[in-house]
Amino acid sequence: MSRIITPESAARERTQYQRAIILALRELMGQSKIDQSSYDLAAFIAIMLDAIDASIDQSVSAWEKRGYWIKADRFRQEWLWTGSLGQRIHVALANNNWDEVRAVVAQVFIKLAKVKMPMRHKLGTPWVGAWERLSKG
């Protein structure tokens, strides 16, 4: 039986997710009123934070197999915020609480302040339809 090789590592996916979140944050912060696009942007940020949170175990499993428990625990602690902030956005959107959404978005922006966006990104607008995907489950 041959090995399964995945060309996309969890670290590369996390980097792409972070860049997509930064792009969505910039777009959301530039809006003056709440409309369907605002819901899509906030839902997209929540979905991406959940995806980052899910990728943590994939990265840590290799370290745990080798017995690097401290390194794995530090990495988990470093990314612990993604799950909690993602859940807070979910709840705030479900309750239509835009003050809470703005507060969480500001925290996410602070956490991802060091992420560098390339001048010419090819991300487009991946948040279109995110509110519908999030509300369906």
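All of the points below concern the structure found in this document. (Residues numbered from 1 in each chain as written. Predicted model: local features only at pLDDT ≥ 70, side-chain atom pairs only at ≥ 80, totals over all residues. Heavy atoms only, no water.)

A tally of regular secondary structure across the chain gives 6 helices and 0 strands. Reading the chain from its N terminus to its C terminus gives the helix and strand order α-α-α-α-α-α. Evaluated residue by residue, the chain yields a buried proportion of 36% over its 137 residues. Of all intrachain contacts in the chain linking residues separated by at least 6 positions in sequence, the fraction that spans at least 24 positions is 72%. About 9000 Å² of surface is accessible on the chain, with carbon and sulfur atoms providing 53% of the total. (Helix = DSSP H or I, 4+ residues; strand = E, 2+ residues; numbered from the N terminus. Buried < 20%, exposed > 50% of the residue type's maximum accessible area, 1.4 Å probe, protein only. Contact = heavy atoms within 4.5 Å. Areas by Shrake-Rupley, 256 points an atom, 1.4 Å probe, with all protein chains shown as cover.)

Interhelical geometry of helix α1 (residues 10–29) versus helix α2 (residues 36–65) gives an angle of 160° and a closest axis separation of 9 Å. Between α1 and α2, the angle is such that the two are roughly antiparallel. Crossing angle aside, the handedness with which α1 passes α2 is left-handed. Mapping the contact onto sequence places A10, A11, R14, Y17, Q18, A20, I21, A24, L25, E27 and L28 in α1 and S38, L41, F44, I45, M48, L49, A51, I52, S55, I56, Q58 and S59 in α2. Residue classes in the contact of α1 with α2 are distributed as 16 nonpolar, 5 polar and 2 charged. (Axes fitted to C-alpha atoms, helices over the stretch in contact; angles between N-to-C directions. Parallel < 35°, antiparallel > 145°, perpendicular 65-115°, else oblique. Left-handed = near helix turned anticlockwise from the far one by under 90°. Nonpolar A, V, L, I, M, F, W, Y, C, P; charged D, E, K, R; others polar.)

For N96, which is not a glycine, the phi torsion comes out positive at approximately 55°. Within the element layout of this structure, N96 appears in the loop between α4 (80–94) and α5 (98–111). Relative accessible area serves as the criterion here: at 46%, N96 is assigned to the partly exposed category.

This part is about the packing of aromatic side chains. The full count for this structure, using the stated rule, is 4 aromatic pairs. Ring geometry for W63 and F75: centres 5.2 Å apart, planes at 85°, overall edge-to-face. Of the two residues, W63 sits in helix α2 while F75 sits in helix α3 (residues 69–78), which places them 12 residues apart along the sequence. Judged by its relative accessible area of 13%, F75 is buried. When the centroid spacing of 6.4 Å and the interplanar angle of 55° are considered together, the rings of F75 and W79 count as tilted. Pairwise contacts between aromatic rings join W63, F75, W79 and W81 into one cluster. (Phe/Tyr/Trp six-rings, centres within 6.5 Å; stacked < 30°, edge-to-face > 60°.)

With that settled, the discussion passes to the pattern of salt bridges. One pass over the structure, following the stated rule, counts 5 salt bridges. R76 is the partner of D57 in a salt bridge, and the nearest nitrogen-oxygen pair spans 3.4 Å. Of this pair, D57 sits in helix α2 while R76 is found in helix α3, placing the two residues 19 residues apart along the sequence. Residue classification places D57 among the partly exposed residues on the basis of a relative accessible area of 45%. A relative accessible area of 27% places R76 in the partly exposed class. When the shortest N-O distance is used, the salt bridge between R76 and E64 registers 2.7 Å. Placement of the pair is R76 in helix α3 and E64 in helix α2, with a sequence separation of 12 residues. (Salt bridge = Lys/Arg side-chain N within 4 Å of Asp/Glu carboxyl O.)

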